[in-house]
Amino acid sequence: MTVTELSPTRAGTRVYKVTGPRVLRAEWAKFWSLRSSWITLTVAVVLLIALGSIASATYSPDAAPQDGPPGPGSGAQDAVSLALLGVTFASLAVGVLGVLLSAGEYTTGMIRSTLTAVPRRLPVLWSKAAVLGPVILVLTTLGALASFQLGSLGLSGEKIALSLGDEGVLRSLAGAGLYLALVAVAGVALGVLLRSSAGAIAVLVGVLLILPGLASLLPDSLYDNINPYFPSNAGSAMYTLHESSDALSPGVGLAVFAGWVALALVGSAWRLVKSDA
């Protein structure tokens, strides 16, 4: 797949022109030609649906904590939190996919050919993000809906059962898909920034899973102030049905998490332009 178009000149010669849509189509073709794309997408969606469905099917009100309103950090559960139990695992899968899509080209050396074809460089980064983000958004949102609908069968008659028409349910399910799409874009950015699949995956896992745990070692007053703004905590606020008292609202959580992703994209764009491949 080429990102250039031959066009005639006055002298009858031909010059190569790079256009944004052709860069996008080239990245689209590269994405779907990779076996890892199909495998990782399947793993992410299966984890999202299977874990949520199993959690809902095995739910027992006698074993569930009953104190406080449902939501992260409250100890209680609701139909949405059970359906979205697989989001954490799916986020690792889509984040790794984003890393492989970008850092994989540095590993194989294909990035040299890519940047030779697109000398302005930045359209490559934007196109990778524009290809992966919407794909993840659509597939994982559908996966979240499937998980909720299947889980509703197991929760029939339970006090915590909800329907799609209940307030906040669709917003939470769509928020889960948007969160996973942003994680995938962050993976693309980290892959370009670090240019190492192993290094970028390690940073991604550290930021999403390990950093909040390490931060708990900080003094309580400091921890309580910064904890909601960690990437994974801000992201989880996007799809939480009932926020705990110290959590961000869905809108603020989206703004904070999108800000972290934008910061990663800015760093990766700077390195892509300033450093040799």
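Residues numbered from 1 in each chain as written. Predicted model: local features only at pLDDT ≥ 70, side-chain atom pairs only at ≥ 80, totals over all residues. Heavy atoms only, no water.

A few words now on the overall build of the protein chain. The helix and strand tally for the protein chain stands at 11 helices and two strands. Each helix (α) and strand (β) of the protein chain, taken in turn from the N terminus, gives the series β-β-α-α-α-α-α-α-α-α-α-α-α. For the protein chain, long-range pairs separated by at least 24 residues make up 74% of all intrachain contacts whose partners lie at least 6 apart in sequence. When the accessible surface of the protein chain is split by element, carbon and sulfur atoms take 65% of a total near 13700 Å². (Helix = DSSP H or I, 4+ residues; strand = E, 2+ residues; numbered from the N terminus. Contact = heavy atoms within 4.5 Å. Areas by Shrake-Rupley, 256 points an atom, 1.4 Å probe, with all protein chains shown as cover.)

Another point: the environment of Leu 97. Locating Leu 97 in the fold gives a position in helix H4 (residues 87-108). Of the residues examined, Leu 97 reaches a relative accessible area of 1% and is grouped as buried. Those residues in contact with Leu 97 that sit more than four places away from it in its chain are Phe 31, Ser 36, Ser 37, Thr 40, Leu 41, Leu 132 and Ile 136. (Buried < 20%, exposed > 50% of the residue type's maximum accessible area, 1.4 Å probe, protein only.)

Time to look at the packing of H4 against helix H5 (residues 110-117). Contact geometry of H4 with H5 gives a least axis separation of 5 Å together with a crossing angle of 105°. Relative to H5, the element H4 is oriented roughly perpendicular. On H5, the residues touching Glu 105, Tyr 106 and Thr 108 of H4 are Met 110, Ile 111 and Thr 114. Taken together, the residues that form the contact of H4 with H5 break down as three nonpolar, two polar and one charged. (Axes fitted to C-alpha atoms, helices over the stretch in contact; angles between N-to-C directions. Parallel < 35°, antiparallel > 145°, perpendicular 65-115°, else oblique. Nonpolar A, V, L, I, M, F, W, Y, C, P; charged D, E, K, R; others polar.)

As a further point, take the packing of H4 against helix H7 (residues 169-194). The contact between H4 and H7 brings their axes to 7 Å, and the two run at 30°. With respect to their mutual orientation, H4 and H7 come out roughly parallel. In the crossing of H4 with H7, the sense of the turn from one axis to the other is right-handed. Counted together, Val 87, Ala 90, Ser 91, Val 94, Gly 95, Gly 98, Val 99, Leu 101, Ser 102, Ala 103 and Tyr 106 of H4 and Ala 176, Tyr 179, Leu 180, Val 183, Ala 184, Gly 187, Val 188, Gly 191 and Val 192 of H7 form the full contact between these two elements. (Left-handed = near helix turned anticlockwise from the far one by under 90°.)

Think of an α-helix as turning once every 3.6 residues; residues three or four places apart then point the same way. When H5 is considered as a whole, its buried residues turn out to be Ile 111, Thr 114 and Leu 115. For H5, the angular spread of the buried residues around the axis is 90°, confining them to a single face. Opposite the buried face of H5, by more than 90 degrees, sit the exposed residues Arg 112, Ser 113 and Thr 116. (Arc of directions from axis to C-beta.)

Bringing the side chain of Lys 30 into the picture now. For Lys 30, the position within the fold is in helix H1 (residues 20-33). At 2.9 Å, the side chain of Lys 30 forms a polar contact with the side chain of Glu 105. Beyond its immediate sequence surroundings of up to four residues, Lys 30 is in contact with Glu 105, Met 110, Thr 114 and Lys 128. (Polar contact = N/O pair within 3.5 Å; in protein donor to acceptor, adjacent residues only side chain to side chain.)

In low-pLDDT regions, the fine details of the predicted coordinates are not to be read closely. Summarising the model, the protein chain shows a mean pLDDT of 87, and 89% of its residues fall at 70 or more. Strand E1 (residues 4-8) is the least confidently modelled element of the protein chain, averaging 50 in pLDDT, while H7 averages 96, the highest of any element. Confidence drops under a pLDDT of 50 for residues 66-75, and excluding neighbours within four residues, the segment shows 19 contacts in the predicted structure. (pLDDT = per-residue confidence, 0-100.)

Among the structural elements, Leu 100 can be located in helix H4. Note on Leu 100: relative accessible area 29%, which makes it partly exposed. Leu 100 sits 97 residues away from Ser 197 along the chain, and the two C-alpha atoms are 6.3 Å apart. Those residues in contact with Leu 100 that sit more than four places away from it in its chain are Ser 36 and Ser 197.

A word on the side chain of Ser 56. Structurally, the position occupied by Ser 56 is in helix H2 (residues 35-57). In this structure Ser 56 comes out as buried when scored by relative accessible area, which is 1%. If near-sequence neighbours (up to four positions away) are discounted, Ser 56 is found in contact with Leu 82, Ala 83, Gly 151, Gly 154 and Leu 155.

What follows deals with the pattern of salt bridges. Evaluation of the coordinates by the stated rule reveals four salt bridges. Two residues, Glu 27 and Lys 30, come together in a salt bridge whose shortest N-O distance is 2.9 Å. Of the two residues, Glu 27 and Lys 30 both sit in helix H1, three residues apart, roughly one turn of that helix. Comparing Glu 27 with Lys 30 shows no difference in burial state: the two are buried. The buried category is assigned to Lys 30, whose relative accessible area is 16%. What emerges from the salt-bridge pattern is a single network uniting Glu 27, Lys 30, Glu 105 and Lys 128. (Salt bridge = Lys/Arg side-chain N within 4 Å of Asp/Glu carboxyl O.)

Looking now at H2. The end-to-end C-alpha separation of H2 is 33 Å, in line with the 33 Å expected for 23 residues at 1.5 Å each. All of the buried residues along H2 are Ser 37, Thr 40, Leu 41, Ala 44, Val 45, Leu 48, Gly 52, Ser 53, Ala 55 and Ser 56. Residues of H2 that are buried sit in contact with H1, helix H3 (79-83), H4, helix H6 (122-154) and H7. (Expected span 1.5 Å × (residues − 1).)

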